[in-house]
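Listed below, chain by chain, are the residues.
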Amino acid sequence: MLATVLLLALPFCTAESASSYAGSTVVDSYPPSGATNTAVDTYFPDASQVGYAGPTPTGAEPAAIVTAVPFSKVEGVFPLSRPNSADGTDNTFNVMRHWGNFAPMYSVESFGLPDASPVIPEGCGLNGVHLLMRHGARYPASDEPGPSQFASEIHAATSKKALNVTGDLEFLTTWTYKLATTSLTPFGRESMFSNGVAFRYRYGELLNAFTDYLPVFRTTSIDCMVDAALTFAAGFFDVRTYETDYHQEIIIQANNFNNTLAPFEACPNANSEDIGNFGDTQSSKWADIYLQDACRRLQPMIQGVNLTISLLVGMQELCALETVALGYSKFCDLFTEEEWEGYEYYAVTNDLTVNKDFWYTCGPGNPTGAAQGLGYVQELVSRLTHTPINVWNSSTNGTLDSSNITFPLDQPIYVDFTHGVGIASVVTALNFTSLAATGPLPTDHIPPHRSYVSSQIAPFSSQLVAQVLSCPASEEPTHIRFLLNDAVVPLTGIHGCTEDSNGLCALPSFISGMHERIGQIDFAHDCFANYTMPNPNNIVDGRCPS
């Protein structure tokens, strides 16, 4: 009997020695080199060569955003496996919705207008739509070192034959780092394609207004941005014809290049140690609090690696990034529900900041937040008024925006692709005050009922939609309203826009309010002047205090 007891205890008391490759980086490449064979390819003609397509008459364009009640929400993440937390007692707790800007987009319930539907109000007509969309799920960027740093620590300990693990960390004995850099994951591509299809269902009828020209969609030159735009277009138009169904504008994204879809490249203070990285200082204060229990719980399970707070954050990032890249991650159930709530609030990847993102770096709490979003707001007003931009005092590109070919002003559908920073800075420049209603984010606790939640504002595939409407329905637009991830946003922070249960604002009032807001934002000062962050930092409108 004693021998039996000892055998049962062994797995829990004996540390597992790591394999020689634990923590190493694994890289696969497809298609294999030499697989392209033009002689073989001739045996597989495309559809146009084969013919016999059968009848293909077209039907009417859909307009579900006008007619569909109830509204179809984004809720699932197929084909990803939904992860559990370490305590996993609440089946309603969704770990994925606590990944901040690494969360897959889902339909937000409300930003303060619980009775407003994304479907346009009864009696109104749809005249136009403006979509600003973040790319889909991607691999970690080069300035997000947490996951690769953790892998390096594991591999270094393995190389020294110092790594021993037990319990929940035993999987590390054979774990390898499989993530690429920056490009879209398969799930990211699927999301962009599906969103293209959904956008066609909701707003396809507006294509009928294109009579003698094709739509111009815009994106930046970064790999994941180009893929996001093309995959969306394949879903919105047609897989076989999308390349000739529209014009894809690709704007250079690089340091000192003006680009409203990557405004941080044209705003030096957004990248400075003091101002641009202010959130890093704030983040460390909170991380030291919310991850203490995880450190005490997990450190005894691993020898050879000191689980610092930054490595623990890297492990949480690995949960999110492995899941959207590989479909599943064993890192997810290492952390409790409370620790996932802490991660959502954490600085490096979520509400406080993510290198260039969110409250304290490009959102309401940073003095460059509104300046970064200014250029897109100027473009929006130009499009709404059909008036060319004639003042170049922001991240707008004077070469491209001066041309009615690369910056047309008469489209009923506008589609632009951006980063998380783009969404966060534009809603700040638009002065969506409901998102900042609960004020500056403290670094020693999570405030209850906070209004600023990054998984709701700028997740992967985030969508900011401006619906241009006529109420009552007519050919001339009279109103505008905004949806952020399917939730109607109150416009009461914009001068002239009054409270409205459907989030509507009279178009002339909105344009007037935007002219006023544009005049308040000093891009030259906020992005280029030599100043320091205020202490305490009570900024809530994304502007440098006078």
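Residues numbered from 1 in each chain as written. Predicted model: local features only at pLDDT ≥ 70, side-chain atom pairs only at ≥ 80, totals over all residues. Heavy atoms only, no water.

## Describing the state of the cysteines
To keep it simple, the criterion reads: A pair of cysteine sulfur atoms is labelled a disulfide when the two atoms are within 2.5 Å. Only DSSP runs of H or I reaching four residues or more are called helices, and only runs of E reaching two or more are called strands; each is numbered from the N terminus. Three exposure classes are used, based on accessible area relative to the maximum for each residue type with a 1.4 Å probe and protein chains only: buried under 20%, partly exposed in between, and exposed over 50%.
Taken as a whole, this structure holds four disulfides when the rule is applied. Note that Cys124 is cross-linked by a disulfide to Cys471, the S-S spacing being 2.0 Å. Here the disulfide of Cys124 and Cys471 is right-handed, its torsion about the S-S bond being about 115 degrees. Pair noted here: Cys124 is in the loop between helix 4 (64-67) and strand 2 (125-134) and Cys471 is in the loop between strand 8 (463-470) and strand 9 (479-484), with a separation of 347 residues, a long-range link. With relative accessibility at 12%, the residue Cys124 sits in the buried group. Across the disulfide from Cys497 sits Cys505; the S-S distance is 2.0 Å. Of note, the bridge from Cys497 to Cys505 carries an S-S torsion of about -80 degrees and is left-handed in sense. In this structure Cys505 comes out as buried when scored by relative accessible area, which is 3%. Counting only the cysteines that form disulfides, in the order they appear in the protein, gives the pairing 1-5, 2-8, 3-4, 6-7. Note on Cys295: no disulfide assigned, nearest cysteine sulfur contributed by Cys319 at a separation of 18 Å. Residue Cys544 stays outside any disulfide, its sulfur separated by 11 Å from that of Cys527, the closest cysteine.

## Some points on the side chain of Ser395
Applicable threshold: For this analysis, residues touch if any pair of their heavy atoms sits within 4.5 Å.
Inspection of the secondary structure puts Ser395 in the loop between helix 13 (369-385) and helix 14 (398-401). When residues no more than four places from it in sequence are discounted, the contact partners of Ser395 are Asn258, Asn259, Thr260, Pro263, Ala266, Gln372, Gly375 and Phe523.

## Overview of the packing of helix 5 (residues 146-159) against helix 11 (residues 309-326)
Rules: Convention adopted: a line fitted to C-alpha atoms gives each axis, helices being fitted over their contacting stretch, and angles between N-to-C directions are expressed from 0 to 180 degrees. We call two directions roughly parallel when the angle between them is under 35 degrees, roughly antiparallel when it is over 145, roughly perpendicular when it lies between 65 and 115, and oblique otherwise. Throughout, a crossing is termed right-handed when the near helix is turned clockwise from the far one, and left-handed when it is turned anticlockwise from it by less than a right angle. Ten residue types, Ala, Val, Leu, Ile, Met, Phe, Trp, Tyr, Cys and Pro, are classed as nonpolar, four, Asp, Glu, Lys and Arg, as charged, and the remainder, Gly among them, as polar.
Two elements in contact, helix 5 and helix 11, have axes separated by 8 Å at closest approach and are oriented at 115 degrees. Between helix 5 and helix 11, the angle is such that the two are roughly perpendicular. In the packing of helix 5 onto helix 11, the handedness of the crossing is left-handed. Each of Gly146, Pro147, Gln149, Phe150 and Glu153 in helix 5 lies in contact with helix 11, whose residues at this interface are Ser310, Leu311, Gly314, Met315, Glu317, Leu318 and Leu321. Looking at side-chain class alone, the contact of helix 5 with helix 11 contains six nonpolar, four polar and two charged residues.

## Comments concerning a nonpolar patch on the surface
We apply this condition: Two joining distances apply to patches: 9 Å for like charges and 5 Å for nonpolar side chains (Val, Leu, Ile, Met, Phe, Trp, Tyr), and every residue must have over 30% relative accessible area and no salt bridge. Accessibility throughout is a Shrake-Rupley quantity obtained with a 1.4 Å probe, and a residue counts as covered only by protein chains that appear here. A side-chain nitrogen of Lys or Arg and a carboxyl oxygen of Asp or Glu constitute a salt bridge if their distance falls within 4 Å.
A cluster of nonpolar side chains, Val40, Tyr43 and Phe44, forms an exposed patch at the surface whose accessible area comes to about 390 Å². Secondary-structure assignment places Val40 in helix 2 (residues 38-41). For Val40, a relative accessible area of 39% corresponds to the partly exposed category.

## A word on the pattern of salt bridges
This model, assessed by the stated rule, comprises twelve salt bridges. A salt bridge links Asp416 to Arg218; the shortest N-O distance between them is 2.8 Å. Note that Asp416 is positioned in strand 7 (residues 413-418) and Arg218 in strand 4 (residues 216-220), a separation of 198 residues in sequence. The partner of Arg543 in a salt bridge is Asp541, and the shortest N-O contact between them spans 3.5 Å.

## Let's talk about the confidence of the model for the protein
The condition that has to hold: pLDDT expresses how confident the predictor is about each individual residue, on a scale running from 0 to 100.
In the predicted model, the protein carries a mean pLDDT of 91, and the fraction of residues at 70 or more is 94%. pLDDT under 50 marks residues 1-13. Its contacts with residues more than four places away, or in other chains, come to one contact. Confidence drops under a pLDDT of 50 for residues 348-357, and excluding neighbours within four residues, the segment shows 66 contacts in the predicted structure.

## Overview of empty space enclosed by the protein
Quick reminder of the rule: We place a 1 Å grid over just the protein atoms. Points where a 1.4 Å probe fits but has no way out form a cavity, open points with protein on both sides within 12 Å along at least 5 of 7 lines form a pocket, and any residue with an atom within 4 Å of a point lines it. Grid points are joined across faces, edges and corners, and a volume is the space filled by probe spheres set on the points.
Evaluation of the coordinates by the stated rule reveals three cavities of 30 Å³ or more. Sorting the residues of the lining of the largest cavity by element identifies helix 6 (186-203), strand 8 and strand 9 as the ones contributing at least two each. Top element by residues in the lining of the largest cavity is helix 6. It accounts for three residues. Counted by class, the lining of the largest cavity contains seven nonpolar, two polar and two charged residues.

## What to know about the nonpolar core
The criterion, for reference: To qualify as a nonpolar core, a set must consist of buried Ala, Val, Leu, Ile, Met, Phe, Trp, Tyr and Cys residues joined through side-chain atoms within 4.5 Å.
Counting 115 residues, the largest nonpolar core has Trp99 and Phe510 as its most contacted members. At eleven residues, the largest contribution of residues to this core is made by helix 11. Setting aside anything within four residues of it in sequence, one finds Phe510 in contact with Leu380, Leu384, Leu430, Ile480, Phe482, Ile494, Cys497 and Cys505. Grouped together as the second largest cluster of nonpolar side chains are 39 residues, Ala116, Cys124, Phe217 and Leu469 included.

## A closer look at unusual backbone geometry
In this structure, Pro79 follows Phe78 across a cis peptide bond, with omega equal to 10 degrees. Secondary-structure assignment places Pro79 in the loop between helix 4 and strand 2. Between Cys471 and Pro472 the backbone carries a cis peptide bond, its omega angle lying at 5 degrees. Its place among the elements puts Pro472 in the loop between strand 8 and strand 9. Positive phi values are uncommon outside glycine, yet His386 reaches one of about 55 degrees. With respect to the secondary-structure elements, His386 resides in the loop between helix 13 and helix 14. In the Ramachandran plot, His449 falls in the positive-phi region, its phi being about 55 degrees despite a non-glycine side chain. The exposure class of His449 is exposed, given its relative accessible area of 76%.

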